[in-house]
Protein chains: 2
Amino acid sequence: MRLAELAARSGLPTATIKYYLRAGLVPPGATEGATWARYDESHLRRLRLVRALTDVAGLALDEVRAVVAALDASGSQHEARGVAQWHLSPPVEEEPSEESRRQVEALLTRHGWDLEPESPHRRSLAAALDTLDELDFAATDEVLDAYAEAAASVAAVDVPRVTSETDPIVAAEKLIIGTLLYEPVLTTLRRMAHEADSVGR
Amino acid sequence: MRLAELAARSGLPTATIKYYLRAGLVPPGATEGATWARYDESHLRRLRLVRALTDVAGLALDEVRAVVAALDASGSQHEARGVAQWHLSPPVEEEPSEESRRQVEALLTRHGWDLEPESPHRRSLAAALDTLDELDFAATDEVLDAYAEAAASVAAVDVPRVTSETDPIVAAEKLIIGTLLYEPVLTTLRRMAHEADSVGR
């Protein structure tokens, strides 16, 4: 398709798409002459991903570039899913406490969750536990287990929709968008459940 | 306690506490003479709440003032919980589609969730469904049901910890802090569950 059709199908102005192309966030189209290039479904998907990363995740363009570069450099679906997801987690600046890190490791063991040694999620969770502790809201193992079971039950719904994709890049793009877009759904539903409980009393 | 002890126990500099007092985010202490005032546990809790709202929820001081004003003006625990929680949801600017709003109402009916007519959560969820739809990630009722069940299961753990409080303001403060602080725990656990699934393959 030509640029005009890519703009119409993505809902983005041509100027924005040209800007993303120049910034290297979207790969160039196939040159079809001096004045135009041909785009395909992969360009459309990439535009959706860039929009999700900027509008929904609130990433800066530099961070978006890191996510798409990690995606394009990865060899397998597992690697593509991992590295791209990791870039979504904001780096934790303060070193989490030894106690919270131990609580996270114990949780992973109890649930049989085997994460990569360099996964940033451990550190993110340990930092969140430290904040809870500082504000006198320390999470017990029982509470964390209930949360982990809820997380596993939504992941069981999320993952099959992604792994049915044979192209690793497509699968990773879908996982990133699904991860980001469904987070507000989950947190809003939790707030609704709190309110429904309060109304019910 | 005196201001110095309030600072030590809250971990906040006295200058910050004085600023919050002047801004009306924390009620004044009981005047005990020309040069000092007495503070109690309610001041300490309020400082924790203000810190959670600014640091964790990222609210501006004007928004924090609206939350604490709603809290102080409410008569019952239900009212305090409701109005304070509602202020945490960023207002949705674009009108959600009729279709998404119907999907939300059907979900509430299926799960027997009775929300207040003016609850902003309906609109937040409908807007999230519209974004999913625009990015070709439309949520089916089956997926939403799995998410709603997971949300209800964590709310079942959250709520008893709050409703054991007899003071409605204390209960509402705890609910707000718990709502905010446990959201990153839940979303990080979901990302961990995704990664554990990917490693497992």
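Rules used throughout
Residues numbered from 1 in each chain as written. Chains lettered and ligands numbered in written order. Predicted model: local features only at pLDDT ≥ 70, side-chain atom pairs only at ≥ 80, totals over all residues. Heavy atoms only, no water. Contact = heavy atoms within 4.5 Å. Buried area = accessible area lost by both parts, 1.4 Å probe. Salt bridge = Lys/Arg side-chain N within 4 Å of Asp/Glu carboxyl O. Polar contact = N/O pair within 3.5 Å; in protein donor to acceptor, adjacent residues only side chain to side chain. Helix = DSSP H or I, 4+ residues; strand = E, 2+ residues; numbered from the N terminus. Nonpolar A, V, L, I, M, F, W, Y, C, P; charged D, E, K, R; others polar. UniProt positions renumbered as here; feature names shortened; annotations may be inferred. Least-squares fit on C-alpha atoms with pLDDT ≥ 70 in both. Buried < 20%, exposed > 50% of the residue type's maximum accessible area, 1.4 Å probe, protein only. Axes fitted to C-alpha atoms, helices over the stretch in contact; angles between N-to-C directions. Parallel < 35°, antiparallel > 145°, perpendicular 65-115°, else oblique. Phe/Tyr/Trp six-rings, centres within 6.5 Å; stacked < 30°, edge-to-face > 60°. Lys NZ or Arg CZ within 6 Å of the ring centre and 35° of its normal. Domains from an automatic or database assignment.

1. Things to note about the interface of chain A and chain B
Interface size is commonly expressed as the accessible surface area that is lost when the partners come together. Contact residues are listed per partner, giving 72 residues for chain A and 72 residues for chain B. Taking both sides of the interface into account, the surface hidden between chain A and chain B amounts to around 6,900 Å²; carbon and sulfur atoms contribute 69%. Linking chain A with chain B are six salt bridges, by the criterion used here. Note that R191(B) and E183(A) form a salt bridge whose closest N and O atoms lie 2.9 Å from each other. Our enumeration of links across chain A and chain B arrives at 20 residue pairs in polar contact (both at pLDDT 80 or more). Counting residues per element, the ones that place at least two in the side of chain A that touches chain B are α3 (41–56), α5 (77–86), α6 (98–111), α7 (121–134), α8 (141–163) and α9 (168–200) of chain A. Ranked by residue count, the leading element in the side of chain A that touches chain B is α9(A), at 24 residues. Here the residues of the side of chain A that touches chain B sort into 40 nonpolar, 15 polar and 17 charged.

2. Section: the UniProt feature "domain: HTH merR-type" (unreviewed entry) in chain A
Here, UniProt's "domain: HTH merR-type" (unreviewed entry) annotation points to residues 1–70 of chain A. Structurally, residues 1–70 of chain A is divided into 61% helix and 6% strand, and its ends, taken at the C-alpha atoms, are 26 Å apart.

3. Topic: the relation of the copies chain A and chain B
Mapping chain A onto chain B calls for a rotation angle of 180 degrees and an axial translation of 0.0 Å; the resulting RMSD is 0.0 Å. Such a combination of rotation and displacement between the chain copies is what one expects of a two-fold axis. Residue A150(A), judged by its C-alpha, is the member of chain A lying nearest the rotation axis, at 2.3 Å. Taken as a fraction of all interface residues of chain A, those also at the interface in chain B reach 100%, which identifies the copy contact as same-surface.

4. Here we look at the environment of F137(A)
Here F137(A) shows up in the loop between α7 and α8. F137(A) gets classed as buried once you look at its relative accessible area, which sits at 14%. With near-sequence residues (within four places) excluded, F137(A) lies in contact with L132(A), K174(B), I177(B), G178(B), L181(B) and Y182(B).

5. Re the packing of helix α1 (residues 3–10) of chain A against helix α2 (residues 14–22) of chain A
Residues and elements named next belong to chain A. Between α1 and α2, the shortest axis-to-axis distance is 9 Å and the interhelical angle comes to 105 degrees. Our classification of the angle between α1 and α2 gives roughly perpendicular. For the pair formed by α1 and α2, the contact residues are L3, L6, A7 and S10 on the first element and T14, I17 and K18 on the second. Grouping the amino acids of the contact of α1 with α2 by side-chain chemistry returns four nonpolar, two polar and one charged.

6. Examining the packing of aromatic side chains
The relative placement of two aromatic rings is captured by the distance of their centres and the angle of their planes. For the structure on display, the rule yields four aromatic pairs over all chains. With a centroid separation of 5.3 Å and an interplanar angle of 40 degrees, the aromatic rings of Y182(A) and Y147(B) are classed as tilted. You can see Y182(A) sitting in helix α9 and its partner Y147(B) sitting in helix α8 (residues 141–163), one on each of two chains. The two residues Y182(A) and Y147(B) agree in class, both being buried. Positioned above the aromatic ring of W36(A), the side-chain terminus of R2(A) is 3.7 Å from the ring centre.

7. Focus on the pattern of salt bridges
All names here are of chain A. One pass over the structure, following the stated rule, counts 27 salt bridges over all chains. Among the ionic pairs, R110 bridges to D141, the shortest N-O distance being 3.9 Å. With a gap of 31 residues between them, R110 in helix α6 and D141 in helix α8 connect regions that are remote in the sequence. Among the residues examined, D141 registers a relative accessible area of 32% and is labelled partly exposed.

8. What about the domain arrangement of chain A?
All names here are of chain A. Annotation of chain A at the domain level lists domain 1 (1–73) and domain 2 (85–201). Between the C-alpha centres of domain 1 and domain 2 the distance comes to 29 Å. At the interface, 14 residues of domain 1 touch ten residues of domain 2. In total, domain 1 and domain 2 occlude about 1,100 Å² of area from one another, counting both sides; carbon and sulfur atoms represent 79% of this. Remark: the boundary between domain 1 and domain 2 carries zero salt bridges. Viewed at the interface, domain 2 and domain 1 are joined by zero residue pairs in polar contact (both at pLDDT 80 or more).

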